[in-house]
Amino acid sequence: QVQLVESGGGLVQAGGSLRLSCVASVSTVNLRAMAWYRLAPGKRRELVARLASGGSTTYADSVKGRFTISRDNGKATVHLQMNSLGPDDTARYYCYIDKTYRDYWGQGTQVTVSS
């Protein structure tokens, strides 16, 4: 059974930073992409950042220049460095992986940004 374990969420003041991490219990073989999504109350789920196996990245416009997605070499571990956080970043953040064209999700970690 594939497990994705997120960590690093919490409460931070506006302007602060957090680093989310996700460890997936899979090998890196056929690991096509790792990503972070977020879901805020009353809003649709949003792709925050995606890192493909080839190294290409995709970011939501709202986080470009503030968030950075990265992956540990040779490991199914992905991080999301979040800087200059604002109240609009408050959401539950979910780790996602695409392994062999199958989707897997973590349970999420809450990020709350106070103004």
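Each remark here, short or long, concerns the structure printed above.
Bear in mind that the values here come from a model prediction, so they are computed numbers and not experimental data.

The rules behind the values
Residues numbered from 1 in each chain as written. Predicted model: local features only at pLDDT ≥ 70, side-chain atom pairs only at ≥ 80, totals over all residues. Heavy atoms only, no water. Core = buried A, V, L, I, M, F, W, Y, C linked by side-chain atoms within 4.5 Å. Buried < 20%, exposed > 50% of the residue type's maximum accessible area, 1.4 Å probe, protein only. Helix = DSSP H or I, 4+ residues; strand = E, 2+ residues; numbered from the N terminus. Disulfide = S-S within 2.5 Å. Pairing = 2+ DSSP bridges.

**Brief notes about the nonpolar core**
- Judged by nonpolar contacts, the single largest core of 30 residues is most densely connected at Trp36, Val48, Phe67, Leu80, Met82, Tyr93 and Ile97.
- At the level of secondary structure, the elements contributing two or more residues to this core comprise strand 3 (18–24), strand 4 (31–39), strand 5 (46–52), strand 7 (67–71), strand 8 (77–82), strand 9 (91–99) and strand 11 (109–114).

**Thoughts on the state of the cysteines**
- Across all of its chains, the model carries 1 disulfide by this definition.
- A sulfur-sulfur distance of 2.1 Å marks the disulfide that ties Cys22 to Cys95. For the disulfide bridge between Cys22 and Cys95, the dihedral angle about the S-S bond is near -85°, and by the sign convention the bridge is left-handed. Highlighted residues: Cys22 in strand 3 and Cys95 in strand 9, separated in sequence by 73 residues.

**Some remarks on the pairing of strand 7**
- As judged from the 5 bridges shared by strand 7 and strand 8, these two strands associate in the antiparallel manner. Note that in strand 8 the partner of Arg71 across the bridge is Val78.
- Once strand 7 ends, the chain turns through 5 residues before running back antiparallel as strand 8, passing Gly74 with a positive phi of about 75°.

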